[in-house]
Amino acid sequence: MTNAVPVLDRLDLDPVVREALEFRRAMFDWCLREARRASERGAVEHALQWNVLAARLGCMDCAVLASAELESNVLGFASRLPVPAWAPTPGRPRRWLHVFSEAGPSAGHSAMAWRWMSLDPEPNSHSLVLLSQRTAVAEQLIELVARRNGEVIRMDPDLPILARAERLRTYAWTKADIVILHVHPWEVVPTLAFGIPGGPPVLLLNHSAHLFGVGSTIADLMINTRQSAQEDEWSSVYRGMGDRLVMLPLVLPAPAWRVRTPELRADARRRLDVPADAPVLVTIGNSYKYTPLPGRDFLQVARTITSRRPNAYVLAAGVFEDARWQAARASTGGRIRAFGTQLDVTPFHAAADVYIEGFPMGSATALLEAAHHGLPCVLAPRSCPPPFGTDGAVYDEMGVNQPADVEEYIARALVLIDDEGVRQRTGQSFANSVERHHAGEAWLAKLDALKRSIPDGHKVYPLDQPPQIPWPLVAFWSAVTVRNRADPLGIVYRSAARLGLKPRFDSSMRTAIRIAKPIRTLHPLQQWLISCTDRVAGVVPIERSDWLYALYEWLAAVLREDGKVMRLWRALSRRGRGQDA
């Protein structure tokens, strides 16, 4: 796999998707131009912040996975930082440093790091640096790091980027032998800290393989986790990593399926208000991943399944109950339910008979964890291609392919509902395959292979601008995200003003805004405010314009979407159209 580009109906011809992408790209380029102008003024921190805003815009789509210009911008400031002496530990044990933007609850790539630290069979020390943590650090994480003879370094997220990068470089060069980056894809601090040769080797965990990311120039190795040929291709070609790739699967605690004992199953069903003998199908993922596309409506499929099996339940963890889900719950007597964000999904695994992958965007981690619990799984249909649907070694080994279409997806789910023998055999096969790749001795062998592939020291790697992802795949991702993202103009402009960056539209950006008028989603009052601020900014010297952006920020807060003024405006608008307030 995979040079083939799937035919995705006519999503790639959707003019709204294409216009939204073009506008986000115009904003991305504007942010980079603002970064250059700030650099020319000697405003280093402002230049770095503009690069962060560009990176965050890049992460809204998967059109390109890396920017040579943005990487070069950040690397240009790396030589300004002090260069400490690096004294690596000879032999073993070694000092591992895990770097996070922020470590969230025990899920996703946070869980990957925690399990890595706890399962490492060698007496290596494992320390943790948090670059922008604003919430409390989990006590179990602090205790784990202490048990591994490490320390937790929590930086002030309000410190300048340059200052945090200096602290990171100093700590890594003086107290680490190997650095693993688990950071947000838009994080620039590590690129600045490790933007010169020397010091410990740097590994970048590729936990957002389908999105734009920063760090290709400073990653001595990129760690891919899906064991997918497509993931390797995207990293090598579209992120510019070449052959600097290594594979370490997501690590799962073993044996996970013991949570599905009869006692836990009965307790979980009571907690979730599900009959003891009802067939239960579970899906887990963020709400946006279930946004319906033509021919890919998960909720409609759930309705079909529950209509064909009137005693079946479909439970969705992580999905917020909007009007559509509320209507589905009401019309099925509560047999279709969305439960919102869940820090602990164990009850869903314990209560379930079958796991069905959400779509149009699947969740590879959620599916793996369900399979490891011994649940038979139905992958997203083929009209939701990887990396948005799940692929990987587990499914290749089992010979399990994506269903050809939505009808086959439904048919597979119904077979698993109806036949307990098939359900048990399939679930055990999934659990065994996941165990062979993502847990126990198999995972430790892959960790050992990773350790042996780590270079002795750190280098910086030139990056030519990688090509764009094939357009139909870009369009597929964007067809979902365009429907879920707030207007990037308002987000970026207000963020820039709040950071003191003093945004000013140049002629190219004004043209892009004018062309994009049909797809603008900002309220007219908010668009008017940005337009007025920009016009006044054009006649005020930039060094004297603090008051202007302070006024804009105050007015933007007054006119926020959930504020009293906007609620009153909408109420008056409804009355003007003869509707009830």
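The model shown is predicted, which means the values in this text are computed figures rather than measured ones. (Residues numbered from 1 in each chain as written. Predicted model: local features only at pLDDT ≥ 70, side-chain atom pairs only at ≥ 80, totals over all residues. Heavy atoms only, no water.)

**Comments concerning unusual backbone geometry**
Spelled out, the test is: Comment: elements are numbered from the N terminus, with helices defined as DSSP H or I runs of at least four residues and strands as E runs of at least two.
Put simply, Phe359 and Pro360 share a cis peptide bond, and its omega is 15°. With respect to the secondary-structure elements, Pro360 resides in the loop between β11 (354-356) and α13 (364-372). If you check the backbone angles, Asn149 has positive phi at about 60° while not being a glycine. Here Asn149 is to be found in the loop between α5 (139-147) and β3 (152-154).

**Looking at the side chain of Gln49**
Let me state the cut-off plainly: Working definition: with a 1.4 Å probe on protein chains only, accessible area under 20% of the residue-type maximum means buried, over 50% means exposed, and in between means partly exposed. Contacts are assigned to residue pairs that have any heavy atoms within 4.5 Å of one another.
Within the secondary structure, Gln49 sits in helix α2 (residues 44-58). Among the residues examined, Gln49 registers a relative accessible area of 16% and is labelled buried. With near-sequence residues (within four places) excluded, Gln49 lies in contact with Ile161, Leu499 and Leu501.

**Side note on the sheet that holds strand β10 (residues 336-338)**
In plain terms, the rule: One bridge is not enough; two strands pair if DSSP finds at least two bridges between them.
Read from one edge of the open sheet, five strands run β10-β9-β8-β11-β12, paired in parallel fashion. A strand with exactly one partner marks an edge of an open sheet, and here the two such strands are β10 and β12 (377-378). Where strand β9 (residues 313-317) lies against β10, three bridges are found, and the strand directions are parallel. Bridge pairing links Leu315 to Arg337 in β10.

**Section: helix α8 (residues 229-238)**
We count it as follows: A 3.5 Å cut-off defines polar contacts: any pair of N or O atoms within that distance qualifies, except that in protein one atom must be a possible hydrogen donor and the other a possible acceptor, and neighbouring residues in sequence count only when both atoms are side-chain atoms.
Three or more residues of α8 are buried, namely Gln230, Glu231, Glu233, Trp234, Ser235 and Tyr238. Against the buried residues of α8 lie β6 (221-224), β7 (245-247) and α18 (471-481). Backbone nitrogen of Gln230 and a side-chain oxygen of the N-cap are separated by 3.2 Å at the start of α8; the cap is Ser228. Just downstream of α8 lies Gly240, where phi reads positive at about 80°.

**Observations regarding the environment of Arg154**
Relative to the elements of secondary structure, Arg154 occurs in strand β3. Given a relative accessible area of 39%, Arg154 falls into the partly exposed group. Residues Arg154 and Leu128 lie 26 residues apart in sequence; the distance between their C-alpha atoms is 8.2 Å. From its side chain, Arg154 meets the backbone oxygen of Gln133 in a polar contact 3.2 Å long. Within polar-contact distance, the side chain of Arg154 engages the backbone oxygen of Thr135 at 2.8 Å.

**Considerations on the pairing of strand β8 (residues 280-284)**
This is how the line gets drawn: With the strands aimed away from the viewer, a crossover counts as right-handed if its path from the first strand over the helix to the second runs clockwise.
Among the five residues of β8, five are classified as buried, and the element is accordingly described as predominantly covered. Of the two faces of β8, the one holding Val280, Val282 and Ile284 and the one holding Leu281 and Thr283 are both buried throughout. With five bridges joining them, β8 and β9 adopt parallel strand pairing. Bridge assignment links Val282 to a residue of β9, and that residue is Leu315. Running through helix α10 (residues 298-308), the crossover from β8 to the neighbouring parallel element β9 is right-handed.

**A closer look at the environment of Gln342**
Looking at where Gln342 falls in the secondary structure, it is placed in the loop between β10 and α12 (346-351). You can call Gln342 partly exposed: its relative accessible area is 30%. With 25 residues separating them in the primary sequence, Gln342 and Ala317 have C-alpha atoms 6.4 Å apart. Not counting residues within four places of it along the chain, the set of residues in contact with Gln342 comprises Ala317, Gly318 and Phe348.

The values reported here are purely geometric and, on their own, carry no functional implication.
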